[in-house]
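# Structural features, examined
Below, each chain spelled out in residue letters.
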Amino acid sequence: MSGQLTLPEKPKSKFSLYKRIVIFIIIALIYIWTFTSLEIRWDTIFSESTLDNMDRIIPKFFQPAVEETGNILEMMFETLFIAYTGSLAAAIIAVPLAFLCASNMVSNKFLNNIGMWILGGVRAFPEIVLAIIFVAAVGPNPFAGVLAIAIGSTGMLGKLYSEVIESIDMNIIEALEASGANKLQILFYGIFPQVLPEFLSYAIYRFEIDVRASSVLGIVGAGGIGTLITFAYMNRNWEEVGMILLVIIITVTIIDQISGFIRKRLV
Amino acid sequence: MSKESSFVPKGLYPFKTKLIITLALIVVIGFYLLSSIKTESFIFHFFVKLPNVFGLISDFFPPDWSYINQVWPKLFETLHIAIIATTIAVIISIPFSLLTASNVTTNTWIYQAMRLFLNIIRTIPDIILAVVFVGLFGIGAFSGIIALIIFAVGILVKLMSEVIETIDMNQIEAIRASGGNGLQTISFAIVPQVLPQFISFSLYVFEINIRASLVLGLVGAGGIGQLLNTQINFMNYPAVSTIIIIVFAVVIVIDIISGKLREGLV
């Protein structure tokens, strides 16, 4: 009891001083490289013309072109159809790939890795790059968009599905095997009941993402509301861009709410 | 007894469940037929168009490696856009996420208003943000940076505010009870609890930003997308495949680095 109060020592970081200095230098170098080599023409950005643009463009967003609503809604429905067809196809294609990746279903490590590489490779492509490839392949129509969405979604869904499959209760399968069920019966009575709710939940979640993704695919010619964006933007028709934006915001919000509700009921 | 031993249950599921599942399946398939006819993407279209796809793939090969020297500067510009946008977005999203966390912001009005605002921001696709800013600021990297900042803030604030909402409030109470002031409460009770996740989410958003900034150039917002757009318009497919292969490699390398860093953090 010295009567003198001292502060406790600060908790020690898990990194040593040496490591910290190295990390700090690496980060500093990245930033120096970034700021020295990026060319931004400040003189044109902070100029009269930018202020003019703001005066001209921003008010137009708040007086959207209501008379175009019919046309825009039609394209929005096409967008929804593209997203729906694409994500349904992906939800089905992803199932066999997920089984291939799941280490408790296919015990061959080599095959697991091949599955992982396929899914990882597909995930690395942004949807719009896939759309560019498919527009070149099948022409500028909604079908290209469907293919881009289907392939793009398979990567993510396959990975999520395989994680679901790996976390199932194997005792049930053992019990079925012990009572003499064949492979098909194990699949239908042992595996599917355990994984289907989560599969569906993920598929619906992916549909939400796909609605957003497919609304911009039209910029590269793959159908949907993006086509209208390109035209409106090229013609500097900002009232129409405002209206399209409004329709997208409302549609995406509604879809998110519905899908959130269904997913809550499922799991 | 013999009758009971040969008893086979009619099915595992009750009649009502079966009815609901059947109805749901009919709706799903019906909507699929409708949408596949509307988008001309019925399964058999796929087989009709398949030769085209393979024909095109042979156009893409072999990639034009001499084009690679023109790719590097634009690729670096893309990386710079992503780095700057992520950094600024992280800084902006810290106060915003405190305002959107219900346990820090006890005023319901501010909390609900912030949530609504961010929900609206998140529904706008990144490319449309880029279109708008290219209209405002002209073609170039600056428009891309601004678009990505807004896009990233929308995602980051949602993730971060959820983390802040789940922290252990007892630690805050303990520090307050032992006489810590506001700043000490934040630095000893809140920051240690949320910092690993904050950094992890920042890296995750950086990954997303890299992907987004690769395509922003399609609408003139700087980066490699601009090259991609030009070469596609010229139908110079070997150059396109060079760009795509490089994009693919960069995304994978950055995902792996950031994945390893995040594994070490959380």
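Please read all numbers here as calculations on a predicted model, not as lab measurements.

### Some points on the overall build of chain B
Check the secondary structure of chain B and you find eleven helices and zero strands. In chain B, the succession of α and β elements from N to C terminus is α-α-α-α-α-α-α-α-α-α-α. Rg of the C-alpha trace for chain B: 26 Å, well past the compact-globule value of 18 Å for 266 residues, more than 25% over. Looking at chain B as a whole, 34% of its 266 residues are labelled buried. Considering only contacts within chain B whose residues lie at least 6 apart along the sequence, 72% involve residues at least 24 apart.

### Things to note about the overall build of chain A
From N to C terminus, chain A includes eleven helices and zero strands. Traced from its N-terminal end to its C-terminal end, chain A shows the element sequence α-α-α-α-α-α-α-α-α-α-α. If one aligns the C-alpha atoms of chain A with their principal axes, the spans along those axes are about 75 × 75 × 40 Å. Taking the intrachain contacts of chain A between residues at least 6 apart in sequence as the baseline, contacts between residues at least 24 apart amount to 73%.

### Some points on the UniProt feature "transmembrane region" (unreviewed entry) in chain A
Residue and element names in this part refer to chain A. If you check UniProt for "transmembrane region" (unreviewed entry), the listed places come out as residues 21-42, 81-102, 114-137, 143-161, 216-235 and 241-262 in our numbering. Secondary structure within residues 21-42 divides into 82% helix and 0% strand; the distance between the first and last C-alpha atoms comes to 34 Å. In the segment residues 114-137, helix accounts for 88% and strand for 0%; the C-alpha atoms at its two ends are 26 Å apart.

### Things to note about the UniProt feature "transmembrane region" (unreviewed entry) in chain B
Residue and element names in this part refer to chain B. According to UniProt, the "transmembrane region" (unreviewed entry) feature falls on residues 15-35, 42-61, 81-106, 127-157, 213-232 and 238-257. From the first C-alpha to the last, residues 15-35 spans 30 Å; its make-up is 100% helix and 0% strand. Between the end C-alpha atoms of residues 213-232 there is a gap of 18 Å, over a span that is 65% helix and 0% strand.

### Structural notes on the UniProt feature "domain: ABC transmembrane type-1" (unreviewed entry) in chain A
Those places that UniProt annotates as "domain: ABC transmembrane type-1" (unreviewed entry) correspond, in this numbering, to residues 76-259 of chain A. Spanning residues 76-259 of chain A, this segment combines 83% helix with 0% strand, and its end C-alpha atoms are found 18 Å apart.

### A closer look at the interface of chain A and chain B
On the side of chain B, 44 residues touch chain A, which itself brings 44 residues to the contact. Here the side of chain A that touches chain B is composed, by residue class, of 31 nonpolar, ten polar and three charged.

### Quick word on unusual backbone geometry
Glycine aside, the phi torsion of most residues is negative, and most peptide linkages are trans. Non-glycine residue Arg236(A) carries a positive phi angle of around 55 degrees. In this fold, Arg236(A) is placed in the loop between α10 (226-234) and α11 (238-266).

### What about the nonpolar core?
Residues and elements named next belong to chain A. Membership of the largest hydrophobic core comes to 124 residues, with the highest contact counts inside it found for Ala131, Phe134 and Ile244. With 16 residues, helix α4 (residues 69-101) is the largest single contributor of residues to this core. Apart from the residues lying within four places of it in its own chain, the contact partners of Ala131 are Ala144, Gly145, Ala148, Leu217, Val220 and Ala222.

### Considering the domain arrangement of chain B
With domains assigned, chain B is organised as domain 1 (2-60) and domain 2 (65-265). A separation of 37 Å is found between the C-alpha centroids of domain 1 of chain B and domain 2 of chain B.

### Structural notes on the confidence of the model for chain B
Across chain B, the average pLDDT comes to 82, with 92% of residues at or above 70. Two summary scores accompany this predicted model of the complex, namely pTM at 0.81 and ipTM at 0.78.

### Examining the environment of Val134(B)
Residue and element names in this part refer to chain B. In this structure, Val134 sits in helix α6 (residues 126-137). Once the C-alpha coordinates of Val134 and Val219 are considered, the two residues, 85 residues apart in sequence, prove to be 7.7 Å apart. Every residue in contact with Val134, bar those within four places of it in the chain, is listed here: Ile139, Ser143, Val219, Gly220 and Ala221.

Calculation notes
Residues numbered from 1 in each chain as written. Chains lettered and ligands numbered in written order. Predicted model: local features only at pLDDT ≥ 70, side-chain atom pairs only at ≥ 80, totals over all residues. Helix = DSSP H or I, 4+ residues; strand = E, 2+ residues; numbered from the N terminus. Rg over C-alpha atoms; globule rule 2.2 N^0.38 Å. Buried ≥ 20, exposed ≤ 12 C-beta atoms within 10 Å, placed from the backbone. Contact = placed C-beta atoms within 7 Å. UniProt positions renumbered as here; feature names shortened; annotations may be inferred. Nonpolar A, V, L, I, M, F, W, Y, C, P; charged D, E, K, R; others polar. Core = buried A, V, L, I, M, F, W, Y, C linked by C-beta atoms within 7 Å. Domains from an automatic or database assignment. pLDDT = per-residue confidence, 0-100.

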